[in-house]
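Observations on chain architecture
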Amino acid sequence: MSGSRKTVNPLQPPKSLPDGSFATPSPLWEEGSLLGGRVRYDQFTKGYRTGLEPVLMAASIPARAGETVLEGGCGAGAALLCLSARIPGVHGVGLESDSETLELAERNIRSNPSAENTTRLQLLQAHLPDIPRSLRVLTPTANGRFHHVMANPPWHSPHGTPSPDSRRRLALSAETTAPEEWIRALTKWVLPGGTLTFVLSTAVADRACQTLLENGCGSIQFYPFWPRQGREAKLVLVRAVHGGRGIFRLRAGLILHEADGRFTAAAERVLRDGEALPEG
């Protein structure tokens, strides 16, 4: 459960549930959507709001229908829902520590019209880096590991001014756990040859790479997210392969905004149309 202060898109008018009824608004959350309205996604009215990171991360996962994906710190389910919208038939499991956020994620999964979502997306309460052994029963692979693992772990410095909102502190601040601890724990849950994907600040990317290499992962790639043409990237997607032996690759990345602040056409195709991240 992590992200920036930016919301993915403005809230949309109330939408009906799959059975044709309208959900009664809760004082805790309000209705919205992702991917240009393809995914219904409610958020808390106050405090932590989903940023761009989970949508971008979901667009990067090289999964195929029938494969399994584990997300550490899934928040209200944005990444898992966006991934399942792009790749129907994927089996996802989300780990989340905050009970209210977990309840909202369950609501978001139920609220989306695809009947598959209710059986293919599952949630488990867990406070990373501690992952309960009961997770193994939620994946259909023989050894209880996953084809792909993803996370946007908290990486904001604990020495800054803390947010007064407890959910925001949990999502953003590395107050109690460092990103390396999340990465180390999640490497134990991916199949040999499977991928691990993390969206991180460039300030901690070097430590992430060291942790991945120390835990049997290689073929590391960096995919920068450039805020504008000519501006320094502060956010990077780090991908590795469990047991990988390929060379390090620095990808071209994605420019998010035009000079006037609008999303670039390439970013729109990912954030609004639900396409995969462009290769390059």
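Going by the structure above, here's the rest.
All of the points below concern the structure found in this document. Since this is a predicted model, take the numbers as computed values, not measurements.

**Digging into the packing of aromatic side chains**
- Scanning all chains against the criterion turns up two aromatic pairs.
- Where F222 meets F248, the ring centres are 5.2 Å apart and the plane angle is 80°; that geometry is what we call edge-to-face. In this pair, F222 is assigned in strand β10 (residues 217–228) and F248 in the loop between β11 (235–242) and β12 (249–250), connecting sequence segments 26 residues apart.
- Look at F222 and you get buried, because its relative accessible area is 16%.
- Among the residues examined, F248 registers a relative accessible area of 47% and is labelled partly exposed.
- Above the face of the W189 ring, R136 is positioned so that its terminal group lies 4.4 Å from the ring centre.

**Re the pairing of strand β5 (residues 68–72)**
- Counting buried residues along β5, five of its five residues qualify, which places the element largely inside the surrounding structure.
- Residues of β5 alternate between two faces, with T68, L70 and G72 on one and V69 and E71 on the opposite face, all of them buried.
- Sheet analysis places β5 next to strand β6 (residues 91–96), joined by five bridges and oriented parallel. Bridged to G72 within β6 is L95.
- As paired elements, β5 and strand β8 (residues 146–151) share four bridges and run parallel to each other. Bridge pairing in β8 places L70 opposite V149.

**Structural notes on the pattern of salt bridges**
- Across all of its chains, the model carries nine salt bridges by this definition.
- E67 is paired through a salt bridge with R64; the nearest N and O atoms lie 3.5 Å apart.
- Through salt bridges with shared partners, a single network forms among E31, R40, D42 and R107.

**Things to note about the pairing of strand β9 (residues 190–201)**
- Taken across its 12 residues, β9 has 10 buried, putting it largely inside the fold.
- The pairing of β8 with β9 spans five bridges and is classified as parallel. In the strand pairing of β9, H148 is matched with T195.
- Two elements, β9 and β11, share seven bridges in a ladder whose sense is antiparallel. When the sheet's bridge partners are listed, T195 is paired in β11 with V241.

**Focus on the packing of helix α6 (residues 179–186) against helix α7 (residues 205–214)**
- At a closest axis distance of 9 Å, the pairing of α6 and α7 adopts a crossing angle of 25°. By the angle between their axes, α6 is roughly parallel relative to α7. α7 is crossed by α6, and the crossing has right-handed handedness. Contact residues: P179, E180, I183 and R184 in α6; R207, A208, T211 and L212 in α7.

**A look at unusual backbone geometry**
- Following L128, the chain continues into P129 via a peptide bond in cis, with omega recorded as 10°.
- You can see P129 is positioned in the loop between β7 (121–125) and β8.
- With a phi close to 55°, L35 is a non-glycine residue in the positive phi region.
- Within the secondary structure, L35 sits in the loop between β2 (33–34) and β3 (39–40).

**Some points on helix α3 (residues 99–111)**
- The end-to-end C-alpha distance of α3 is 18 Å, a good match for the 18 Å that 13 residues give at a rise of 1.5 Å each.
- Here α3 has its buried residues at T101, L102, L104, A105, R107, N108, I109 and S111.

The rules behind each value
Residues numbered from 1 in each chain as written. Predicted model: local features only at pLDDT ≥ 70, side-chain atom pairs only at ≥ 80, totals over all residues. Heavy atoms only, no water. Phe/Tyr/Trp six-rings, centres within 6.5 Å; stacked < 30°, edge-to-face > 60°. Helix = DSSP H or I, 4+ residues; strand = E, 2+ residues; numbered from the N terminus. Buried < 20%, exposed > 50% of the residue type's maximum accessible area, 1.4 Å probe, protein only. Lys NZ or Arg CZ within 6 Å of the ring centre and 35° of its normal. Pairing = 2+ DSSP bridges. Salt bridge = Lys/Arg side-chain N within 4 Å of Asp/Glu carboxyl O. Axes fitted to C-alpha atoms, helices over the stretch in contact; angles between N-to-C directions. Parallel < 35°, antiparallel > 145°, perpendicular 65-115°, else oblique. Left-handed = near helix turned anticlockwise from the far one by under 90°. Contact = heavy atoms within 4.5 Å. Expected span 1.5 Å × (residues − 1).

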